[in-house]
Amino acid sequence: MIKAILIFNNHGKPRLSKFYEHYNEDTEQQIIRETFHLVSKRDENVCNFLEGGLLIGGSDYKLIYRHYATLYFVFCVDSSESELGILDLIQVFVETLDKCFENVCELDLIFHVDKVHHILAEMVMGGMVLETNMNEIITQVDAQNKMEKSEVSASLKICYLDQIQ
């Protein structure tokens, strides 16, 4: 099971954090800091798996991560998850973000956090992987975007009709 999904930049600033277990805010911030220190000090040519930090469960959990440009994508998982499966899930997540934002960058994660969370929710819910097919994920995200646009259009039309009456 996935315990947490964290994205932070090279300086340790969190750009997305999704915890699938309840922690208070201070503990979440400590977990993010500890995870950043564990992952960022590793060389680029070493394995992308390591034991979780003390705050997130120690050796019972693994941190599986990928470093793309200025962002670290880190999944904290228990021993029931496949390391290679999670690496593939990270790749699908990044490729989906890339398709949705046309060359995703750190600013996209900052200014479109709701859309990023929606994409993530299409893939993982309650710590369980729901979908790994990028085309299916993009289809669902596009359907949501279309629905949002039609709602905005309908509400604008209602406002306009109210004004002219």
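The model shown is predicted, which means the values in this text are computed figures rather than measured ones. (Residues numbered from 1 in each chain as written. Predicted model: local features only at pLDDT ≥ 70, side-chain atom pairs only at ≥ 80, totals over all residues. Heavy atoms only, no water.)

Engineer: Explain the nonpolar core to me, and be specific about the residues and the numbers.
Structural biologist: A general tendency of soluble globular proteins is for nonpolar side chains to be buried together. Core analysis: the largest hydrophobic core is formed by 30 residues, its most contacted members being Ile-2, Phe-93 and Ile-119. For this core, the element with the highest residue contribution is helix α2 (residues 83-101), accounting for 10 residues. Filtering out sequence-adjacent residues up to four positions away, Ile-119 remains in contact with Phe-93, Thr-96, Leu-97, Cys-100, Phe-101, Ile-137 and Val-141. Counting 16 residues, the second-largest nonpolar core is a separate cluster that includes Ile-31, Tyr-61, Leu-63 and Tyr-65. (Core = buried A, V, L, I, M, F, W, Y, C linked by side-chain atoms within 4.5 Å. Buried < 20%, exposed > 50% of the residue type's maximum accessible area, 1.4 Å probe, protein only. Helix = DSSP H or I, 4+ residues; strand = E, 2+ residues; numbered from the N terminus. Contact = heavy atoms within 4.5 Å.)

Engineer: Now, about the confidence of the model for the protein chain: what can you tell me, with residues and values included?
Structural biologist: Should pLDDT be low for a region, the predicted coordinates there are not to be read in detail. Of the residues in the protein chain, 88% have a pLDDT of 70 or more, and the chain-wide mean is 88. No element of the protein chain has a lower mean pLDDT than helix α5 (residues 134-164), at 79, and none a higher one than strand β1 (residues 2-9), at 95. (pLDDT = per-residue confidence, 0-100.)

Engineer: Requested: an account of the sheet that holds strand β4 (residues 61-68), with residues and values cited.
Structural biologist: In space, the five strands of this open sheet follow the order β2-β1-β5-β4-β3, with antiparallel pairing throughout. Two strands lie at the open edges of the sheet, namely β2 (14-19) and β3 (49-51), each paired on one side alone. Across the sheet, the mean angle separating the axes of adjacent strands is 20° when strand polarity is ignored. Summarising the sheet, β1 and strand β5 (residues 71-78) pair through seven bridges and their orientation is antiparallel. The residue of β5 that forms the bridge with Ala-4 is Cys-76. (Pairing = 2+ DSSP bridges. Axes fitted to C-alpha atoms, helices over the stretch in contact; angles between N-to-C directions.)

Engineer: Can you break down the packing of aromatic side chains residue by residue, with the values?
Structural biologist: Under the criterion given, the structure shown has six aromatic pairs. Seen from their ring centres, Phe-19 and Tyr-23 are 5.7 Å apart, and the 75° between their planes marks the pair as edge-to-face. Taken individually, Phe-19 and Tyr-23 each receive the classification buried, so the pair is uniform in this respect. Seen from their ring centres, Phe-36 and Tyr-72 are 6.4 Å apart, and the 85° between their planes marks the pair as edge-to-face. Remark: Tyr-72 occurs in strand β5 and Phe-36 occurs in helix α1 (residues 25-40); sequence separation between them is 36 residues. Site record: aromatic cluster; members linked through ring pairs are Phe-8, Phe-36 and Tyr-72. The ring of Tyr-61 has Lys-3 sitting right over it, with the charged end atom 3.9 Å from the ring centre. The side chain of Lys-115 reaches across the aromatic face of Phe-101, ending 5.2 Å from its centre. (Phe/Tyr/Trp six-rings, centres within 6.5 Å; stacked < 30°, edge-to-face > 60°. Lys NZ or Arg CZ within 6 Å of the ring centre and 35° of its normal.)

Engineer: Mind laying out the side chain of Lys-62, listing which residues take part and the relevant values?
Structural biologist: Tracing the sequence through the fold places Lys-62 in strand β4. Within polar-contact distance, the side chain of Lys-62 engages the side chain of Glu-83 at 3.2 Å. Apart from residues no more than four positions distant in its own chain, Lys-62 is found in contact with Leu-50, Glu-51, Gly-52, Phe-75, Cys-76, Val-77, Asp-78, Ser-79, Glu-81 and Glu-83. (Polar contact = N/O pair within 3.5 Å; in protein donor to acceptor, adjacent residues only side chain to side chain.)

Engineer: I'd like to hear about α2, residue by residue, with values.
Structural biologist: Helical periodicity: at 3.6 residues per turn, an α-helix aligns residues three or four positions apart in one direction. With 19 residues, α2 extends 27 Å from end C-alpha to end C-alpha; this agrees with the ideal 27 Å at 1.5 Å per step. Listing the buried residues of α2 in full gives Ile-86, Leu-87, Leu-89, Ile-90, Val-92, Phe-93, Val-94, Thr-96, Leu-97, Cys-100 and Phe-101. Two residues or fewer after α2 comes Glu-102, characterised by a positive phi angle close to 50°. (Expected span 1.5 Å × (residues − 1).)

Engineer: Summarise helix α4 (residues 113-123); cite the residues concerned and give the values.
Structural biologist: Burial in α4 covers these residues: Val-116, Ile-119, Leu-120 and Met-123. Buried positions in α4, seen along its axis, are confined to an arc of 95° and lie on one side of it. (Arc of directions from axis to C-beta.)

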